[in-house]
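Chain residues, written in single-letter form:
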Amino acid sequence: AQLVESGGGLVQPGGSLTLSCAATERIFTIYAMGWYRQAPGKKREMVARLIDGGSTNYADSVRGRFSISGDSAKNTVSLQMNNLQPEDTAVYYCNFVIPGGVDYWGKGTLVTVSS
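All values reported here derive from a predicted model rather than from experimental measurement.

Criteria and thresholds
Residues numbered from 1 in each chain as written. Predicted model: local features only at pLDDT ≥ 70, side-chain atom pairs only at ≥ 80, totals over all residues. Heavy atoms only, no water. Phe/Tyr/Trp six-rings, centres within 6.5 Å; stacked < 30°, edge-to-face > 60°. Helix = DSSP H or I, 4+ residues; strand = E, 2+ residues; numbered from the N terminus. Buried < 20%, exposed > 50% of the residue type's maximum accessible area, 1.4 Å probe, protein only. Lys NZ or Arg CZ within 6 Å of the ring centre and 35° of its normal. Disulfide = S-S within 2.5 Å.

### Points about the packing of aromatic side chains
Here is step 1 of the chain: For the structure on display, the rule yields one aromatic pair.
Here is step 2 of the chain: Ring geometry for Tyr36 versus Trp105: centroids 5.0 Å apart, planes at 70°, classification edge-to-face. On the criterion of sequence distance, the pair formed by Tyr36 in strand β4 (residues 32-38) and Trp105 in strand β10 (residues 102-105) is long-range, its members being 69 residues apart.
Here is step 3 of the chain: The class of Trp105 is partly exposed, set by a relative accessible area of 35%.
Here is step 4 of the chain: Between the NZ or CZ atom of Arg44 and the centre of the ring of Tyr93, over which it lies, the distance is 3.8 Å.
Here is step 5 of the chain: Above the ring of Trp105, the side-chain terminus of Arg44 is found at 4.7 Å from the ring centroid.

Written out as structure tokens, the structure reads:
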């Protein structure tokens, strides 16, 4: 299975975007779904994670502005991003983790925040 992200693009500071991710083939057991990002010259970092059972984790830099939601049975996860700032500019990657620690990654979608 592969993960395919959509929803990236160019947005002005203060604007909003919603990223979506879906698996191309059914993944039957998902432990966690999440979003990561990598800005130019920086390491990939966790943005938001949704753990099986409903708990969520957010990076301090996005808490209160971003919201993750998903459906593990449907193999979909979304990231609502509000009040975007230039420092949010990055390639955003979708990630699924299955029991045993196996990761699935998407190819990424670019989010550019600029006036």
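### Digging into the state of the cysteines
Here is step 1 of the chain: Taken as a whole and assessed by the stated rule, the structure comprises one disulfide.
Here is step 2 of the chain: The disulfide partner of Cys21 is Cys94, and the S-S distance across this bridge is 2.0 Å. Residues Cys21 and Cys94 are joined through a disulfide that is left-handed, its torsion about the S-S bond being -80°. One end of the pair, Cys21, is in strand β3 (residues 17-23); the other, Cys94, is in strand β9 (residues 90-98), and 73 residues separate them in sequence. Side by side, Cys21 and Cys94 carry an identical accessibility label, which is buried.

Coordinates in, geometry out; function isn't part of it.
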